[in-house]
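Residue-level structure breakdown
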Amino acid sequence: MEIVTFSEKDRNQYKDFLLESEYKNFLQSWEWGELKSRFNWQAQRIGFFKDNELRGIAQVLKRKLPLGFDLLYIPRGPIADWSDLDLINNLLDCLKDFFSKNKVSSKTLFLRLEPPVEENEKLAKILKQKGFSQYFKTVQPPSTLLIDLTMPEEQLFRSFRRTARNLINRSQREGMTVDALTANQVSQNDLKGFYNLYRLTGKRFSFPLRPFKQFALMLKVADLGMVRLYIAKIRGLILAYGIVIIMNDKAFYIWGGTTRHDYYSKFFNYGYIWEMLKDLKKLGVNTFDFWGLGPEDDKNHPWYGFTLFKRAFGGKRFDYLGAFDLPFSKFYPLFKLIDKIATPRYRATTS
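This write-up is about the structure you can find in this document.

**Some words on the environment of proline 115**
Relative to the helices and strands, proline 115 is located in the loop between strand 6 (108–114) and helix 4 (121–129). Exposure remark for proline 115: the relative accessible area of 1% places this residue in the buried category. Distance in space between the C-alpha atoms of proline 115 and tyrosine 270 is 31 Å, their sequence separation being 155 residues. Contacts of proline 115, omitting those with residues within four sequence positions, involve Arg76, Gly77, Trp82, Leu127, Tyr320, Leu321 and Gly322.

Structural data, given as structure tokens:
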């Protein structure tokens, strides 16, 4: 197996492989790399070839750190058939050899992977055998909720908890409407409205906020139809915004903002998500990734409330394998120690 670095002319080959994979994630999309390159990251795309056949891809993000150091990061990747342990063994050997020789900087501290797979003892063991060590935290949310949209609409509705079904019906009686806008339909006022509620919601749930410019640029670099903005209203009053990334048959609900209303807040979120799911289902989406989930047994966690809310929609909890680092520098232990000291007990992650 060998690694080939992709250039712009290879964009379609990279994209096709990503979209056809069951492990696809927008964090590995070419567009996401372009976006992150505007915000202190550098993106490199590589392909893993065996006998001239593309067997895996990875988007590697490089970020500069203080004192001239830097790190390498593969979020929700590499993209390959993670059920093929022989393939993964070869891929990790190849990856380790490639970056051990091509770190570019002598001050590169480590390469971090956050594989797109569920907790798995065999895979964790393989990674550790290759020199990777499991990190004490993840960059991306460690868990998500996956909702199967392939079932008939009535069956999907019945899979929700009774409370959710009742509140969905109530939101419909109250006259809730949800607009679904493609990237080229989103106005500056729409984006400003989204960001205002996103900012307020972020402060409420203690997750780090991304700059307004990131969302404005995202609409420009995304393929037509890849980004969808949802706006929930009752009697003309805007109650929620949400941005969903669509990749063929999978959708990711990453960023959103909701208002607090003395009356409507008791139920509107349930009707809002239901309308979103129905729209995505009509577009041919089979799996809805609800993104971050917190622990369900810790009422003090800042994500506890919206974790219970998401669980009301049924679905399957998906706990990721975690973050694994391949150290390159003698300063790596010091970096890890400082990171441990600086990390709060409850840490919300976001892209």
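**A few points about the side chain of serine 21**
Here serine 21 lies in the loop between helix 1 (11–20) and helix 2 (30–36). For serine 21, the side chain forms a polar contact with the main-chain nitrogen of tyrosine 23, separated by 3.0 Å.

**With respect to the nonpolar core**
Among the nonpolar cores identified, the biggest contains 74 residues, and Phe26, Phe194, Ile245 and Trp255 are the most heavily contacted of them. Tallying contributions element by element places helix 3 (residues 85–101) first for this core, with 8 residues.

**Regarding the pattern of salt bridges**
For side chains of opposite charge, pairing can occur when their charged atoms come near one another. On inspection of all chains with the given rule, the structure shows 20 salt bridges. Here arginine 11 and glutamate 31 are joined by a salt bridge, their closest N and O atoms 3.9 Å apart. Remark: glutamate 31 occurs in helix 2 and arginine 11 occurs in helix 1; sequence separation between them is 20 residues. Between arginine 235 and glutamate 174 there is a salt bridge, with its nearest N and O atoms 3.3 Å apart. Within this pair, whereas arginine 235 is found in the loop between strand 10 (227–234) and strand 11 (237–247), its partner glutamate 174 is found in the loop between helix 6 (162–173) and strand 9 (176–182), the two being separated by 61 residues in sequence. On the accessibility criterion, arginine 235 (61% relative accessible area) is exposed. If you follow the salt bridges from partner to partner, you end up with Glu8, Arg11, Glu31 and Glu34 in one network.

**With respect to the pairing of strand 11**
Every other side chain in a regular strand lies on the same face of the sheet, so the side chains alternate between the two faces. Within strand 11, 9 of the 11 residues are buried, which leaves the element mostly enclosed by the surrounding structure. With 8 bridges connecting them, strand 10 and strand 11 associate as antiparallel partners. Opposite tyrosine 230, over in strand 11, you have glycine 242 as the bridge partner. Where strand 10 hands over to strand 11, the hairpin turn is made up of 2 residues, of which arginine 235 adopts a positive phi near 55 degrees. Both strand 11 and strand 12 (residues 250–258) contribute to a ladder of 8 bridges, which runs antiparallel. Paired with alanine 240 across the two strands is threonine 258, which belongs to strand 12.

What counts, and at which threshold
Residues numbered from 1 in each chain as written. Predicted model: local features only at pLDDT ≥ 70, side-chain atom pairs only at ≥ 80, totals over all residues. Heavy atoms only, no water. Helix = DSSP H or I, 4+ residues; strand = E, 2+ residues; numbered from the N terminus. Buried < 20%, exposed > 50% of the residue type's maximum accessible area, 1.4 Å probe, protein only. Contact = heavy atoms within 4.5 Å. Polar contact = N/O pair within 3.5 Å; in protein donor to acceptor, adjacent residues only side chain to side chain. Core = buried A, V, L, I, M, F, W, Y, C linked by side-chain atoms within 4.5 Å. Salt bridge = Lys/Arg side-chain N within 4 Å of Asp/Glu carboxyl O. Pairing = 2+ DSSP bridges.

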